[in-house]
Amino acid sequence: MVEPDPFWWRDEESSGPRRVEGGIQIRNTRGKVARTWWSGRFLAVVESLGIGGRLSRGRSYARAGQIVSLDVDAGGAVAQVQGSRPQPYKARIGVPAYGKAEWTQVLDTLAADASYAAALLAGEMPRGIEDVFDRAGLSLFPATARDLVMDCSCPDFAVPCKHLAAVFYVLAERFDADPFQILALRGRDRETLLDDLRARRGSPAPTGVTPLADLLDTYFVAGPGLGERIAGPRTPSDALLDQVPEFPVAVRGASVVELLRPAYQALADPDGE
């Protein structure tokens, strides 16, 4: 009887992963994956681990679209990554999510500075946002591998494996397009965070103000005495004719200006009053 090879999975993996139809893949086919400073900061953690070949194979997986699904939520990202086996592997990257008390400190500081709030409301990650978290004793980006929980159902003993590395690269590209997903990992989704910012920067409506709908009938009516103050002395309707230079021609010996004067007077006072 032939004993089974305890490392059979190595031969299977060497055959290459099964192709995925419609898998999630990064668009960058060569060079750096991260295009923004915030996704680069996140990706620097895994690239600093010195995992060499696994990192390279993870990029290949990400570019080939081997990730079947990816969900980002408070506390982590969970992905299904297709390897050489029929069943995709489950890969998870976890970071600590902050609670209400921690986020209150962060949001109070963000709302107090108009530049932070304006950048976030415009869909960008403010440069100084890391300092905001630091002042609250928190960290926006994981600093080392100890700040991450990484797990994969594949039989590879290395952490991170190529499947986890692939998830990192896809996450980095997602963060490029939507920096709020980084904040979602820490416990605040886009809608909730922006609502909190608007509430902190907004002011309550003043009391005793009549609704505009109740003022529409008189909205464009002059107030008491306003008409008399701006009316001033009445200008004769034919005053403009007095400013017209003398015409070089006459009509049957009569001045053109004088011929026009009755018409101007009639237009201003059609009832002859």
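Just so you know, these numbers come straight off a predicted model, no measurement behind them.

With that out of the way, let us pick up the packing of helix 4 (residues 100-112) against helix 9 (residues 190-201). Between helix 4 and helix 9, whose axes approach to 9 Å, the crossing angle comes to 55°. Here helix 9 runs oblique to helix 4, going by the angle between their axes. The way helix 4 lies across helix 9 gives a crossing that is right-handed. On helix 9, the residues touching Trp103, Thr104, Leu107, Asp108, Leu110, Ala111 and Ala112 of helix 4 are Leu193, Asp196, Leu197, Arg200 and Arg201. Here the residues of the contact of helix 4 with helix 9 sort into seven nonpolar, one polar and four charged.

The next point concerns the pairing of strand 3 (residues 89-94). Relative to strand 3, strand 2 (residues 76-81) is paired through six bridges, and the arrangement is antiparallel. Across the sheet, residue valine 81 finds its bridge partner in strand 3, namely tyrosine 89. Where strand 3 meets strand 4 (residues 149-152), four bridges bridge the pair, whose relative direction is antiparallel. Along strand 4, the bridge assignment pairs glycine 94 with valine 149.

The subject of this paragraph is the packing of helix 4 against helix 5 (residues 114-121). Where helix 4 contacts helix 5, the two axes come as close as 5 Å, and the packing angle between them is 100°. Taken together, the axis directions place helix 4 and helix 5 in an arrangement best described as roughly perpendicular. Residues Thr109, Leu110 and Ala112 of helix 4 form the contact with helix 5, whose participating residues are Ala114, Tyr116, Ala117 and Leu120. A breakdown of the residues in the contact of helix 4 with helix 5 according to their chemical character gives six nonpolar, one polar and no charged.

For the protein, per-residue confidence averages 79 on the pLDDT scale, and 75% of positions sit at 70 or higher. Under a pLDDT of 50 for its full length, residues 7-13 has, in the predicted model, 13 contacts with residues more than four places off or in other chains. Low pLDDT, under 50, characterises residues 203-207; the stretch is placed with zero contacts to residues that sit more than four places away or in other chains.

Below, the discussion takes up the sheet that holds strand 2. The four strands are arranged 1-2-3-4 in an open sheet whose pairing can be described as antiparallel. Two strands bound the open sheet, and with one partner strand each, they are strand 1 (67-73) and strand 4. On average, each strand axis in the sheet is tilted by 10° relative to the strand beside it, whichever way the strands run. Taken together, the six bridges between strand 1 and strand 2 define a ladder with antiparallel strand orientation. If you follow valine 72 over to strand 2, its bridge partner there is alanine 77. Sheet strands touched by helix 7 (residues 162-177): strand 1, strand 2, strand 3 and strand 4. Its angle to strand 1, the strand with the most contacts, is close to 60°.

What counts and how
- Numbering of residues begins from 1 in every chain and follows the order in which that chain's sequence is written.
- For a predicted model such as this one, the threshold for reporting local features is a pLDDT of at least 70, and the threshold for listing and counting side-chain atom pairs is 80 or more; totals across whole chains, interfaces and linings nevertheless cover every residue.
- Side-chain metrics in this entry use all non-hydrogen atoms of the structure; hydrogen atoms and water are not considered.
- Axis lines are fitted through C-alpha atoms, for helices just across the contact stretch, and the angle between N-to-C directions can take any value from 0 to 180 degrees.
- The way it works is that DSSP assigns letters per residue, a run of H or I at least four long becomes a helix, a run of E at least two long becomes a strand, and they are numbered from the N terminus.
- Just so you know how the angles are binned, under 35 degrees is roughly parallel, over 145 roughly antiparallel, 65 to 115 roughly perpendicular, and the rest oblique.
- A crossing counts as left-handed when the near helix is turned anticlockwise from the far one by less than a right angle, and as right-handed when that turn is clockwise.
- Contact definition: two residues touch when any of their heavy atoms are within 4.5 Å.
- Under the grouping applied here, Gly and all other residues not named as nonpolar or charged are polar, the nonpolar ones being Ala, Val, Leu, Ile, Met, Phe, Trp, Tyr, Cys and Pro and the charged ones Asp, Glu, Lys and Arg.
- At least two DSSP bridges between two strands are required for those strands to pair.
- One number per residue, pLDDT, summarises how confident the predictor is, and it ranges from 0 to 100.

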